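Spelled out, the chains give:
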Amino acid sequence: MKKLLVLGLAALLGACSSMNSTPHATLDGEVFYLQRIALPPTATLEVSLQDISLADAPAVTLAKQSGQIKGQVPLPFHLSYDPAQVKPGHTYAVSARIEDNGQLLFITTERNSVDLNDKTPQPLRLRVDQVPAS
């Protein structure tokens, strides 16, 4: 009886681990800006990988990293995405933004296209530009 229970548990654990082993690909890089100013200690960074193929529809986010910034520029990022979501012929881009208490400080102003099928060279370097204070 104990052997049957152990075999059943082993099979169940094997099924659970195979369900969680979705293959993932990654994009690594850093975010920087040209101004020689320090970020506030409460600033946050958000980096997104998006499918921007459709001009008349919102971009579809494949991966996002966000959180409080530790240190100063360059700011490292690591995006993990499911390669099964990558569609042939679609266009993908990475964008970044830095905020402080909900106020936008810096944002990417240029399109940073990535070729997820051809493996864009890494690490990526994303320049963000300062947003004028309102």
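Residues numbered from 1 in each chain as written. Predicted model: local features only at pLDDT ≥ 70, side-chain atom pairs only at ≥ 80, totals over all residues. Heavy atoms only, no water.

The name an unreviewed UniProt entry assigns to the protein chain is Lipoprotein, from the organism Pseudomonas weihenstephanensis.

Chemist: Sorry, what's going on with the overall build of the protein chain here?
Modeler: In terms of helices and strands, the protein chain carries one helix and nine strands. Starting at the N terminus and ending at the C terminus, the protein chain contains elements arranged as α-β-β-β-β-β-β-β-β-β. When burial is assessed residue by residue, the protein chain has 28% of its 134 residues classed as buried. Sequence-distant contacts, at least 24 apart, represent 66% of the contacts inside the protein chain between residues at least 6 apart. Accessible surface, the protein chain: about 9,000 Å² in total, of which carbon and sulfur atoms supply 57%. (Helix = DSSP H or I, 4+ residues; strand = E, 2+ residues; numbered from the N terminus. Buried < 20%, exposed > 50% of the residue type's maximum accessible area, 1.4 Å probe, protein only. Contact = heavy atoms within 4.5 Å. Areas by Shrake-Rupley, 256 points an atom, 1.4 Å probe, with all protein chains shown as cover.)

Chemist: Sorry, what's going on with the pairing of strand β2 (residues 43-51) here?
Modeler: Each regular strand shows side chains that alternate between the opposite faces of the sheet. Where β2 and strand β5 (residues 92-100) come together, nine bridges link them in antiparallel fashion. When the bridges of β5 are listed, glutamate 46 appears paired with arginine 97. Alignment of β2 against strand β3 (residues 60-68), held across eight bridges, turns out to be antiparallel. Its bridge partner being in β3, leucine 49 is matched across the sheet by alanine 63. (Pairing = 2+ DSSP bridges.)

Chemist: Looking at this structure, how should I read the side chain of asparagine 112?
Modeler: Mapping asparagine 112 onto the fold places it in the loop between β6 (103-107) and β7 (113-114). In terms of polar contacts, asparagine 112 uses its side chain to reach the backbone carbonyl oxygen of glutamate 110, at 3.1 Å. (Polar contact = N/O pair within 3.5 Å; in protein donor to acceptor, adjacent residues only side chain to side chain.)

Chemist: Help me out: how do you make sense of the layout of surface pockets in this one?
Modeler: Over the atoms rolls a probe the size of a water molecule, and in doing so it shows where empty space is left. The space that makes up the largest pocket amounts to roughly 170 Å³. For the largest pocket, the full set of lining residues is Asp51, Ser53, Leu54, Ala57, Pro58, Val60, Leu62, Gln85, Lys87 and His90. Class assignment for the residues of the lining of the largest pocket results in five nonpolar, three polar and two charged. (1 Å grid on protein atoms, 1.4 Å probe; cavity = no way out; pocket = protein on both sides within 12 Å on 5 of 7 lines; lining within 4 Å. Points joined across faces, edges and corners; volume = space filled by probe spheres on them. Nonpolar A, V, L, I, M, F, W, Y, C, P; charged D, E, K, R; others polar.)

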